Amino acid sequence: GQQVMQIPQYQHVQEGEDFTTYCNSSTTLSNIQWYKQRPGGHPVFLIQLVKSGEVKKQKRLTFQFGEAKKNSSLHITATQTTDVGTYFCAGGYGNNRLAFGKGNQVVVIP
Amino acid sequence: GAVVSQHPSWVICKSGTSVKIECRSLDFQATTMFWYRQFPKQSLMLMATSNEGSKATYEQGVEKDKFLINHASLTLSTLTVTSAHPEDSSFYICSAAFSGRIGEQYFGPGTRLTVT
């Protein structure tokens, strides 16, 4: 079935450092979404990417959508303790449903 | 904006009983609502897609007679877990989306169901 793979599943990041999380699909996506879920919370929509090669920035967060629309990345600079949580990507395959990755659980070390 | 609420936030029920979970979009009209199930430290598994005024579309492997979904209005969808068993214990999360913007889903806070 349609699925997206996220790597890594876990990351320990020193406060102040940068990190990247990746999302890959075996088939072409219509779009890709990124969500963040804080411990004990619910997923919160961060961004949607639609165009091939698209890059979007939100303050310290940079989102990229690959040229082939099969992969995406989220890069966070100068990590803060508030960045802790699980980052999910969700691929849209044009069937009005999203396939969520397993998430990248990020722990920030003060 | 785009706030989604769920009720109850947690529920404990006995095996064999039914439980209804409500999902409401508080400040927008959601033509489509989704129901997910999430196990601890796992991803979200889509159970069904609910469109206002029509029958829900269930994912493969999800029993539609066990998980009854009703989307009676543009702001309310309900999930009823019928004849609940301990293996139904989980975190159930709904989300709502604007018409034509399925990717941009707004999630409710979730309902923790424990079946004893």
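The structure this text deals with has already been given above.
Please read all numbers here as calculations on a predicted model, not as lab measurements.

## Topic: the overall build of chain B
Part 1 of the reasoning: Scanning chain B from terminus to terminus reveals 0 helices and 11 strands.
Part 2 of the reasoning: Against the globule reference of 13 Å for 116 residues, chain B gives a C-alpha radius of gyration of 13 Å, in line with a compact fold.
Part 3 of the reasoning: Expressed as lengths along the three principal axes of its C-alpha atoms, the size of chain B is roughly 40 × 25 × 25 Å.
Part 4 of the reasoning: Counting across all 116 residues of chain B, residues that qualify as buried make up 53%.
Part 5 of the reasoning: On chain B, roughly 5600 Å² of surface is accessible, and the fraction owed to carbon and sulfur atoms is 52%.
Part 6 of the reasoning: Taking the average place of the 10 positive charges on the side chains of chain B and the average place of its 9 negative ones, the gap between the two points comes to 5 Å.

## Let's talk about the interface of chain B and chain A
Part 1 of the reasoning: Contacts between the two partners involve 19 residues from chain B, matched on the other side by 15 residues from chain A.
Part 2 of the reasoning: The largest per-residue losses of area from chain B upon contact with chain A belong to B:Ser43, B:Gly103 and B:Phe107, which jointly make up 31% of the total buried on that side.
Part 3 of the reasoning: Inspection of the region where chain B meets chain A yields 0 salt bridges.
Part 4 of the reasoning: Scanning the region where chain B abuts chain A turns up 3 residue pairs in polar contact (both at pLDDT 80 or more).
Part 5 of the reasoning: Listed by contribution, the elements that provide at least two residues to the side of chain B that touches chain A are β4 (32-38), β5 (44-51) and β10 (105-107) of chain B.
Part 6 of the reasoning: A class-by-class count of the residues in the side of chain B that touches chain A yields 9 nonpolar, 7 polar and 3 charged.

## Things to note about the pattern of salt bridges
Part 1 of the reasoning: Evaluation of the coordinates by the stated rule reveals 4 salt bridges over all chains.
Part 2 of the reasoning: The salt bridge involving A:Arg60 is made with A:Asp83; its shortest N-O contact spans 2.9 Å. Here A:Asp83 lies in the loop between β8 (71-76) and β9 (85-92) and A:Arg60 lies in the loop between β6 (55-58) and β7 (61-65), a separation of 23 residues in the sequence.
Part 3 of the reasoning: For B:Asp88, the salt bridge is made with B:Lys66, and the minimal N-O distance between the two is 2.9 Å. Pair noted here: B:Asp88 is in the loop between β8 (76-81) and β9 (90-97) and B:Lys66 is in the loop between β6 (57-58) and β7 (67-73), with a separation of 22 residues, a long-range link. The pair B:Asp88 / B:Lys66 is uniform in exposure class, with both members buried.

## Thoughts on the pairing of β5(B)
All names here are of chain B.
Part 1 of the reasoning: Counting buried residues along β5, 6 of its 8 residues qualify, which places the element largely inside the surrounding structure.
Part 2 of the reasoning: Where β4 meets β5, 7 bridges bridge the pair, whose relative direction is antiparallel. Across the sheet, residue Met-33 finds its bridge partner in β5, namely Ser-50.
Part 3 of the reasoning: Connecting the antiparallel pair β4 and β5 is a turn made up of 5 residues, with Lys-41 showing a positive phi of about 55 degrees.
Part 4 of the reasoning: Bridge count between β5 and β6: 2 bridges; the pairing is antiparallel.

## A short note on the state of the cysteines
Residues and elements named next belong to chain A.
Part 1 of the reasoning: Counted by the stated rule, this structure contains 2 disulfides over all chains.
Part 2 of the reasoning: Across the disulfide, Cys-23 is cross-linked to Cys-89 (sulfur-sulfur distance 2.0 Å). Across the disulfide from Cys-23 to Cys-89, rotation about the S-S bond amounts to roughly 75 degrees, and the bridge is consequently right-handed. With Cys-23 in strand β3 (residues 19-25) and Cys-89 in strand β9, the pair connects residues that are 66 residues apart, well separated along the chain.
Part 3 of the reasoning: A relative accessible area of 1% places Cys-23 in the buried class.

## What to know about the packing of aromatic side chains
Part 1 of the reasoning: Following the criterion strictly, the structure yields 14 aromatic pairs over all chains and no others.
Part 2 of the reasoning: Ring geometry for A:Tyr35 and A:Phe45: centres 5.6 Å apart, planes at 70 degrees, overall edge-to-face. One end of the pair, A:Tyr35, is in strand β4 (residues 31-37); the other, A:Phe45, is in strand β5 (residues 43-49), and 10 residues separate them in sequence.
Part 3 of the reasoning: For the ring pair A:Phe100 and B:Tyr36, a centre distance of 5.4 Å and an interplane angle of 85 degrees mean the geometry is edge-to-face. Separated into two different chains, A:Phe100 in strand β10 (residues 98-100) and B:Tyr36 in strand β4 make up a pair that spans both. This pair shows no difference in class: A:Phe100 is buried, exactly as B:Tyr36 is.
Part 4 of the reasoning: An aromatic cluster of at least three residues, connected via ring pairs, comprises A:Tyr35, A:Phe45, A:Phe88, A:Phe100, B:Phe28, B:Phe34, B:Tyr36, B:Phe98, B:Tyr106 and B:Phe107.

About the criteria used
- Residues numbered from 1 in each chain as written.
- Chains lettered and ligands numbered in written order.
- Predicted model: local features only at pLDDT ≥ 70, side-chain atom pairs only at ≥ 80, totals over all residues.
- Heavy atoms only, no water.
- Helix = DSSP H or I, 4+ residues; strand = E, 2+ residues; numbered from the N terminus.
- Rg over C-alpha atoms; globule rule 2.2 N^0.38 Å.
- Buried < 20%, exposed > 50% of the residue type's maximum accessible area, 1.4 Å probe, protein only.
- Areas by Shrake-Rupley, 256 points an atom, 1.4 Å probe, with all protein chains shown as cover.
- Lys, Arg positive; Asp, Glu negative; His and termini not counted.
- Charge placed at Lys NZ, Arg CZ, Asp CG, Glu CD.
- Contact = heavy atoms within 4.5 Å.
- Buried area = accessible area lost by both parts, 1.4 Å probe.
- Salt bridge = Lys/Arg side-chain N within 4 Å of Asp/Glu carboxyl O.
- Polar contact = N/O pair within 3.5 Å; in protein donor to acceptor, adjacent residues only side chain to side chain.
- Nonpolar A, V, L, I, M, F, W, Y, C, P; charged D, E, K, R; others polar.
- Pairing = 2+ DSSP bridges.
- Disulfide = S-S within 2.5 Å.
- Phe/Tyr/Trp six-rings, centres within 6.5 Å; stacked < 30°, edge-to-face > 60°.

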